[in-house]
Amino acid sequence: MNESSVTLREVAELANRISAEMARVIEGKPQQIRTAVTVLLAGGHLLIEDVPGVGKTVLAKSLGRAIHGDVKRIQFTPDLLPSDVTGVSVFNQSTREFEFKPGGIFAHIVLGDEINRASPKTQSALLESMAEGQVSADGKTYALSKPFMVIATQNPIEMEGTYPLPEAQRDRFMARITMGYPARTSEIAMLTHHAGGDQLDTVTPVTDALAVAAAVEAIRAVYVAPVINDYIVTIVDKTRTHDDLRLGASPRASLHLMRAARVQAALAGRDYVIPEDVSALAVEVLAHRVLTTVEAQVARRDPDDIVRSIVASVPTPARA
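Treat the numbers as computed from the prediction; the structure is a model and nothing was measured.

A few points about the environment of Ala-318
Phase 1: In this structure, Ala-318 sits in the segment after helix H13 (303-313).
Phase 2: Judged by relative accessible area, Ala-318 falls into the exposed class, the value being 70%.
Phase 3: Taking the C-alpha atoms as reference, Ala-318 lies 37 Å from Leu-63; in sequence the two are 255 residues apart.

Details of the nonpolar core
Phase 1: Residues Leu-46, Leu-59 and Leu-286 are the most contacted members of the largest nonpolar core, which totals 72 residues.
Phase 2: Each residue touching Leu-46, except ones within four places of it in the same chain, is listed here: Thr-35, Ala-36, Val-39, Leu-59, Met-149, Val-150, Ile-151, Ala-152, Phe-173, Ala-175 and Ile-177.

Structural notes on the pairing of strand E6 (residues 134-137)
Phase 1: Burial along E6 is one-sided: Val-135 and Ala-137 are buried, and none of Gln-134 and Ser-136, which face the opposite way, are.
Phase 2: Between E6 and strand E7 (residues 140-143), which pair antiparallel in sequence order, lie two residues; one of them, Asp-138, sits at a positive phi of approximately 55°.

Here we look at helix H11 (residues 275-286)
Phase 1: Its 12 residues give H11 an end-to-end C-alpha distance of 16 Å, which sits within 8% of 16 Å, the value for a rise of 1.5 Å per residue.
Phase 2: Counted residue by residue, H11 has nine buried out of 12 residues, so it is predominantly covered.
Phase 3: Every buried residue belonging to H11 is among Pro-275, Asp-277, Val-278, Leu-281, Ala-282, Val-283, Glu-284, Val-285 and Leu-286, and all of these are buried.
Phase 4: Packing partners of the buried residues in H11 comprise helix H2 (30-41), strand E9 (175-177), helix H9 (226-241), helix H10 (251-267) and H13.

Some thoughts on unusual backbone geometry
Keep in mind that most residues, glycine aside, have a negative phi and that most peptide bonds are trans.
Phase 1: Each neighbour pair has its own omega, and for Lys-146 with Pro-147 the value is 0°, a cis peptide bond.
Phase 2: Within the secondary structure layout, Pro-147 lies in the loop between E7 and strand E8 (149-154).
Phase 3: Residue His-68 is not a glycine yet carries a positive backbone phi of 55°.

Brief notes about the side chain of Asn-92
Phase 1: Looking at where Asn-92 falls in the secondary structure, it is placed in strand E3 (residues 87-92).
Phase 2: The class for Asn-92 is buried, based on a relative accessible area of 19%.
Phase 3: Among the polar contacts listed, one links the side chain of Asn-92 to the side chain of Glu-99, at a separation of 2.7 Å.
Phase 4: With sequence-adjacent residues up to four places away left out, Asn-92 is seen in contact with Glu-97 and Glu-99.

Observations regarding the packing of aromatic side chains
Any pair of aromatic rings gets described here by the distance separating the centres and the angle formed by the planes.
Phase 1: Following the criterion strictly, the structure yields three aromatic pairs and no others.
Phase 2: Between Phe-100 and Phe-106, the ring centres sit 5.9 Å apart and the planes meet at 65°, which makes this aromatic pair edge-to-face.
Phase 3: Relative accessible area serves as the criterion here: at 14%, Phe-106 is assigned to the buried category.
Phase 4: With 4.1 Å between their ring centres and 10° between their planes, Phe-100 and Tyr-142 make a pair best called stacked. Here Phe-100, found in strand E4 (residues 97-102), pairs with Tyr-142, found in strand E7; they are 42 residues apart in sequence, far enough to count as distant.
Phase 5: Phe-100 gets classed as buried once you look at its relative accessible area, which sits at 16%.

Quick notes on the pattern of salt bridges
Phase 1: A full pass over the atoms with the stated rule returns 15 salt bridges.
Phase 2: Across the salt bridge formed by Glu-49 and Arg-176, the nearest N and O atoms sit 3.4 Å from each other. Of the two residues, Glu-49 is situated in strand E1 (residues 46-49) and Arg-176 in strand E9; the sequence distance between them amounts to 127 residues. Of the two residues, Glu-49 and Arg-176, both sit in the buried class.
Phase 3: With a closest N to O distance of 3.6 Å, Lys-101 and Glu-99 form a salt bridge.
Phase 4: Under the relative-accessibility criterion, Glu-99 is labelled partly exposed at 28%.
Phase 5: Connected through shared salt-bridge partners, Glu-49, Arg-170, Arg-176 and Asp-304 make up one network.

Calculation rules
Residues numbered from 1 in each chain as written. Predicted model: local features only at pLDDT ≥ 70, side-chain atom pairs only at ≥ 80, totals over all residues. Heavy atoms only, no water. Helix = DSSP H or I, 4+ residues; strand = E, 2+ residues; numbered from the N terminus. Buried < 20%, exposed > 50% of the residue type's maximum accessible area, 1.4 Å probe, protein only. Core = buried A, V, L, I, M, F, W, Y, C linked by side-chain atoms within 4.5 Å. Contact = heavy atoms within 4.5 Å. Pairing = 2+ DSSP bridges. Expected span 1.5 Å × (residues − 1). Polar contact = N/O pair within 3.5 Å; in protein donor to acceptor, adjacent residues only side chain to side chain. Phe/Tyr/Trp six-rings, centres within 6.5 Å; stacked < 30°, edge-to-face > 60°. Salt bridge = Lys/Arg side-chain N within 4 Å of Asp/Glu carboxyl O.

Geometric descriptors of this kind do not, in isolation, establish any biological role.
This is how it looks when you write it as structure tokens:
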């Protein structure tokens with residue numbers, strides 16, 4: 001597969017192969033796998049919030065191995081420095097010159113484990129990389145690999161010694177998912193499979209990074225009608241005026257929702273977006289960007305449910 005000849009049909013087939021390979025080691029989580037692949041093909045980044053031990057790291061590593069990409073893991077700790085993420089210039093005694101030593105951000109898939117345990121300064125080191133696909137150091141700019149995807153994890157119930165992600169950084173993530181505890185049958189199957197060793201070792205590449213980069217470019221051919229753009233903006237705008245929300249979604253959220261909907265359409269075999277593509281992804285793309293009011297928190301109104309109610313309140317555009 002090369003960039004000049006990729007069709008949307010081939011993109012859908014590629015996504016199905018990646019998803020099937022990941023499903024071999026992630027039991028009973030087809031929706032989470034599909035979202036991860038969708039974000040990859042949309043050129044975005046993924047935030048995974050959940051309790052420890054439910055497969056967050058396995059999801060990231062299996063995705064990287066399935067696309068035969070370079071995968072690096074950065075364990076975020078309070079003493080992690082920004083240069084540990086982006087890289088640092090080191091003086092070479094033999095050449096008498098400074099050489100740039102790339103940090104952990106230089107990979108196709110970057111797993112930022114427990115990102116909320118690092119200081120805000122270190123967290124911010126990710127911002128340029130996630131937004132621009134590049135790193136600036138010592139007056140020089142270094143381009144990152146394509147595709148480039150950050151999968152960050154955080155454990156929301158372990159708040160001691162953590163620094164909650166600022167709104168600006170949460171907004172950089174295209175989507176947020178939770179893994180959840182597995183179903184009983186899936187957990188039993190996991191024990192059976194892992195009895196033979198680390199199942200990640202069985203994941204085999206079904207494509208390569210070059211093909212994935214070409215697929216990301218091909219997604220841009222999916223048509224988004226003006227009425228769909230209006231539908232997206234209407235949903236996002238309602239988050240800014242909702243009584244239960246003190247912070248609504250940003251214009252970047254509208255852009256991310258449109259890009260994710262394009263992938264959803266392509267995986268469904270269409271070269272155009274329909275309203276259902278948008279509504280299916282609205283919660284995963286928008287809920288982590290909004291902040292609830294104190295009254296809503298006291299009443300235990302969840303951001304996910306609020307976004308669902310907003311989507312339900314917006315009339316679905318009629319198809320031409």
